[in-house]
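# Residue-level structure breakdown
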Amino acid sequence: MVYRGSEGMWAWVAHRCAGVAVLLFVFVHVADTALIGWGPKYYNLFVKLYSGPAFRLFEIFLAAALLFHALNGVRIMIIDFWEGGTDIQKPLFYGVMALFLVVFIPGAYIMLSPIVRSMLGG
Amino acid sequence: MLVKLKILRFDPDNDKAPHFQNYEADVEPTDRVLDALNAVRWYQDGSLAYRSSCAHGICGSDAMRINRTNRLACKTLIRQVAPNITLEPIRGFPVKRDLIVDLTGFFEQYRNVMPYLVNEDPMPTVERFQSPEDRAKYDDTTKCILCASCTTSCPIFWANTDYIGPAAIVSAHRFIFDSRDQAGGERLDILNSREGAWRCRTIFNCTDACPRDIKVTKAIQDVKRAIMSQKL
């Protein structure tokens, strides 16, 4: 670590990482959607991959990235457009994190439980 | 108390790359980091190089990374950072030697924003009056001492040293929002350029680093909004 920043810096780092992760997924998604041009055979084969347990983990990661990027995006807009935004950027960051956990933990549970059940043979 | 100092040293004549060197200094908890540096330089190793002029937080010459955060060595107490103190030069500008960096680029950025009063009206015979409300608009940004702590704490600046940087925007803010000044629009045009205020990603390292407690990010946001609305 070259610099010990505080909430603002970590929010920015996480925002960048989440943004790049989502962008990479968009590339993959454009590619898989384009497969329909070669007929249902290849498209279905690729989409079937998405339903596997490994991909479900990837999807949970994707959901986390999207959720954080969206919530922190709102924080940045508040900072940009409202004069008082810069004064409350730290509370806003903790608000983002709290909202993130409130939405993500149940979401991840819902996404993960069918996979766990099927792996346990249920 | 005994403190351990880990100082990033670089001698351009003899070193290929910067390296850490360890020292110990016996100082009081109420001493400043600058006193520990002086204890090393005066009694242990005269080759250690760092800047310090007023030593009272006014001249802004001893900005450095203290335990990975930009601080003034003359304003940081030993008890705030003891017992292990890591000292490195501020990031982004070329290191001349040890803790001294070449600030030529920093002052170029500063000069680019016309950091002086522009008023083409005939010189009045009395002072140019200003209401307390108008004065308050730029009160915060008058406090800048040009220590470069903010600019060199900015990750955007590390990646792109052409970015005009927080310090220059703060200096511009001081005159843009001064009711007696007439070049606000010109300064906003300068800051609306590719390497201007829009490079700021509201990371807030600058605000945390400022030894004068200037709300640097707030000033930058004021400038961005002024560019958008074209209203001062």
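### With respect to the packing of helix α3 (residues 53–81) of chain A against helix α4 (residues 89–119) of chain A
Between two packed helices, what matters for the description is the angle formed by their axes and the separation of those axes. All names here are of chain A. The interhelical angle for the contact between α3 and α4, taken along N-to-C directions, is 165°, at an axis separation of 9 Å. Taken together, the axes of α3 and α4 are roughly antiparallel relative to one another. The hand of the α3/α4 crossing is right-handed. Classifying every residue of the contact of α3 with α4 gives 24 nonpolar, 2 polar and 3 charged.

### Some details on unusual backbone geometry
All names here are of chain B. That bond from A82 to P83 is cis: its omega, 0°, falls within 30 degrees of zero. In this fold, P83 is placed in the loop between α2 (78–81) and β5 (84–88). Here the phi dihedral of N67 falls at roughly 45°; this positive angle occurs in a residue that is not glycine. For N67, the position within the fold is in the loop between β3 (63–66) and β4 (69–72). Relative accessible area serves as the criterion here: at 15%, N67 is assigned to the buried category. In the Ramachandran plot, D213 falls in the positive-phi region, its phi being about 55° despite a non-glycine side chain. Here D213 is to be found in the loop between α8 (205–209) and α9 (216–229).

### Considering the packing of aromatic side chains
Residues and elements named next belong to chain B. The full count for this structure, using the stated rule, is 12 aromatic pairs over all chains. Aromatic pair W42 and Y43: ring centres 6.5 Å apart, planes at 85°, arrangement edge-to-face. For the pair W42 and Y43, a shared accessibility class is recorded, and that class is exposed. Relative to F107, the ring of F106 has its centre 5.1 Å away and its plane inclined at 80°; by these criteria the two rings are edge-to-face. According to the relative accessible area criterion, F106 is buried, its value standing at 2%.

### Observations regarding the packing of helix α1 (residues 7–34) of chain A against α4 of chain A
All names here are of chain A. Where α1 meets α4, the closest approach of the two axes is 9 Å, and the angle between their N-to-C directions is 45°. One finds that α1 runs oblique with respect to α4. Of the two possible hands of crossing, α1 and α4 adopt the one that is left-handed. Across the interface between the two elements, E7, G8 and A11 from α1 touch Q89, K90, F93 and Y94 from α4.

### Looking at the interface of chain B and chain A
On the side of chain A, 21 residues touch chain B, which itself brings 24 residues to the contact. Summed over both partners, the interface of chain B with chain A comes to about 1900 Å²; 50% of that surface belongs to carbon and sulfur atoms. When residues of chain B are sorted by the area they lose upon contact with chain A, R68, F204 and R225 of chain B head the list and together hold 29% of the total. For the pair chain B and chain A, the number of links is 3 salt bridges. Across the pair D208 of chain B and K90 of chain A runs a salt bridge, and its minimum N-O distance is 3.8 Å. If you look at where chain B meets chain A, you find 12 residue pairs in polar contact (both at pLDDT 80 or more). Of all elements in the fold, only β4, α5 (155–159), α8 and α9 of chain B reach the threshold of two or more residues within the side of chain B that touches chain A.

### Let's talk about empty space enclosed by the protein
All names here are of chain B. Throughout the structure, instances matching the rule amount to 4 cavities of 30 Å³ or more. Approximately 90 Å³ is the volume attributed to the largest cavity. Taken together, 15 residues form the lining of the largest cavity, with C144, C147, C150, C210 and I214 sitting closest to its centre. Split into classes, the residues belonging to the lining of the largest cavity amount to 13 nonpolar, 1 polar and 1 charged. Taken as a whole, the second largest cavity holds about 70 Å³ of empty space. In terms of lining residues, the second largest cavity is bounded by C154, Y163, P166, C200, R201, T202, I203, F204, N205, C206 and I220.

Calculation criteria
- Residues numbered from 1 in each chain as written.
- Chains lettered and ligands numbered in written order.
- Predicted model: local features only at pLDDT ≥ 70, side-chain atom pairs only at ≥ 80, totals over all residues.
- Heavy atoms only, no water.
- Axes fitted to C-alpha atoms, helices over the stretch in contact; angles between N-to-C directions.
- Helix = DSSP H or I, 4+ residues; strand = E, 2+ residues; numbered from the N terminus.
- Parallel < 35°, antiparallel > 145°, perpendicular 65-115°, else oblique.
- Left-handed = near helix turned anticlockwise from the far one by under 90°.
- Nonpolar A, V, L, I, M, F, W, Y, C, P; charged D, E, K, R; others polar.
- Buried < 20%, exposed > 50% of the residue type's maximum accessible area, 1.4 Å probe, protein only.
- Phe/Tyr/Trp six-rings, centres within 6.5 Å; stacked < 30°, edge-to-face > 60°.
- Contact = heavy atoms within 4.5 Å.
- Buried area = accessible area lost by both parts, 1.4 Å probe.
- Salt bridge = Lys/Arg side-chain N within 4 Å of Asp/Glu carboxyl O.
- Polar contact = N/O pair within 3.5 Å; in protein donor to acceptor, adjacent residues only side chain to side chain.
- 1 Å grid on protein atoms, 1.4 Å probe; cavity = no way out; pocket = protein on both sides within 12 Å on 5 of 7 lines; lining within 4 Å.
- Points joined across faces, edges and corners; volume = space filled by probe spheres on them.

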